[in-house]
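# A look at the structure
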Amino acid sequence: MNEQSTPPPARRTIWRKLGIGSLSLSLIVHCMLLVVGLIWVLQVIPQPEKKVDFAPNSGGGGKPSAGRETARPVLAPVPVSRVVANGSESDVVLSEPDEIGRMAALANVGAGSLGMGGLGSGGGLGDGRGPGIGDGIFQGMGKGIGSKNPFGPLGMNEPGLAGTFYDLKQTRAGEPTNMTDDGMRQELREIVRRGFRDSVFNPYFKAPRQLQQNRLLIRTIPADAAPAAFEVQKEVQPKRWIVVYRGMVRAPESGRFRFVGQCDDLMVIRFDKRMVFDYGYTMAGIGAHVNGRADEMNGSKENRALEKEVRRLTPMRIPIRFYQYASMPAINSAIGGLAVGPEFNVTAGKTYPIEIMIGEIPGGSFSVSLLIEKVGAKYQKDPGGAPILPLFRVDASLPDAKGQGKGEAPPFDPDGPVWKAVAGDAGGEI
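Below is a short write-up of the structure. Since the structure is predicted, the reported quantities are computational estimates derived from the model, not experimental observations. Throughout, residues of each chain are indexed from 1 in the direction in which the sequence is written. Thresholds applied to this predicted model are a pLDDT of at least 70 for local features of residues and 80 or more for the giving and counting of side-chain atom pairs; totals over whole chains, interfaces and linings are not thresholded and use all residues. The basis for every side-chain value is the complete set of non-hydrogen atoms in the structure, without hydrogens or water.

### A word on the pattern of salt bridges
Put simply, the rule is: Salt bridge criterion: a side-chain nitrogen from Lys or Arg within 4 Å of a carboxyl oxygen from Asp or Glu. Put simply, DSSP marks the helices as runs of H or I at least four residues long and the strands as runs of E at least two long, and each gets a number from the N terminus on. Throughout this description, buried means an accessible area under 20% of the type-specific maximum (1.4 Å probe, protein chains only), exposed means over 50%, and partly exposed covers the range between.
Enumeration according to the criterion identifies 15 salt bridges in this entry. Its salt-bridge partner being R189, residue E309 comes within 2.9 Å of it at the nearest N-O pair. Of this pair, E309 sits in helix α7 (residues 304–313) while R189 sits in helix α4 (residues 181–193), and the two are 120 residues apart along the sequence. E309 sits in the partly exposed class, given a relative accessible area of 23%. Classification of R189 by relative accessible area gives partly exposed; the value is 24%. Between R293 and E296 there is a salt bridge, with the nearest N and O atoms lying 3.2 Å from each other. For R293, a relative accessible area of 23% puts it in the partly exposed group.

See the structure below:
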């Protein structure tokens, strides 16, 4: 009888030697998948961005030390206020200093939606070609609200004063000119002498986009608001820039008029092809910084050389007459108040070319106020005795006096006449 042979024992795998069965292997695989998934999730979840706010550069009156090449980061948020136009033919709204300053500074950061769209105050999605998130201040080709632009809204249907931005720090090709503050003041003498026509600025950088303005009443704002307003804040540092507004206006009534105003830093006006105003922290015609020299300008301190220079190169005459408004103590102290320009005649219904040049030299802050006075007319007085004059405006819109925010500005008569803007070339009558 043959013995039945016993089969050899099955060979044990390495997994069985380690005591790992199919259930244990399944658990290990699932754990590995869970770890991989967790790592992937942590990588794709966006981390919160650090918010950085930028305060406007110091300035006021054009101190040379005020201009800086870059913005200064701070931790404190900037308050927001705004100017609204009510009871007018248009829906123009002027942004107030703190808002435009914050938007302009944020534009320099590069985040947000400035570009083909508006400048979103809440940041933007994508590469800046969409409308952005938040209340954009510029009406690009997206959904920004251009009417909040203090240097002039975009897309107005009615004629206005066309504003052009120039940067004297660089050539048309974008090369540096090495222009200094004093160098710009000397260049201004030549620019004014030649009537600040567009051809005078041919050597300098010119913003491709124009803005359309209807009045000049801007409380103190950061100087970088102007490059941002013209959408060239990436190409232009916020100093040594000029804006020229040109247009045709129809006189609302006959009589003798004069401009009353101030600008930090400069404002020059040509009306009917002749100079009728030149005053601010800088007198452009003589290329001189006059901050702190109010006593020489009003004649209380004699300066014969300055008097001759002003008479020869500007339309002003020393002693210059000033209106000192109780609401503008800093302006009164620094430059004497709002300067009163020479008189000029107009005829009701006749059209006249007008050119207004404003600008900033050292950077920091900017402001401008422009009123107009009819000689012989009766006006109410402010607490200091200065006449409450109408704004020089070319449409019926007005800033909302209750929402003008911070910064010095003169009171104005809301019922004053409108110098209606009409289509035509500022270089001649239509």
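### Examining the pairing of strand β10 (residues 274–278)
We apply this condition: Pairing between strands requires that DSSP locate at least two bridges from one strand to the other.
By the criterion of burial, β10 is predominantly enclosed, with 4 of the 5 residues buried. Direction of pairing for strand β9 (residues 266–271) relative to β10: antiparallel, over a ladder of 4 bridges. Bridge pairing links I269 to F277 in β10.

### Here we look at α4
Cut-off, in case you're wondering: A helix is expected to span 1.5 Å multiplied by its residue count minus one.
Taking 1.5 Å per residue, 13 residues should reach 18 Å; α4 reaches 19 Å between its end C-alpha atoms and fits that length. A positive phi of about 80 degrees marks G195, the residue just after α4.

### Observations concerning the pairing of strand β6 (residues 217–222)
With 5 of its 6 residues buried, β6 lies for the most part within the structure. Here β6 pairs with strand β17 (residues 365–374) via 4 bridges, running antiparallel. For I218, the partnering residue across the bridge sits in β17 and is V368.

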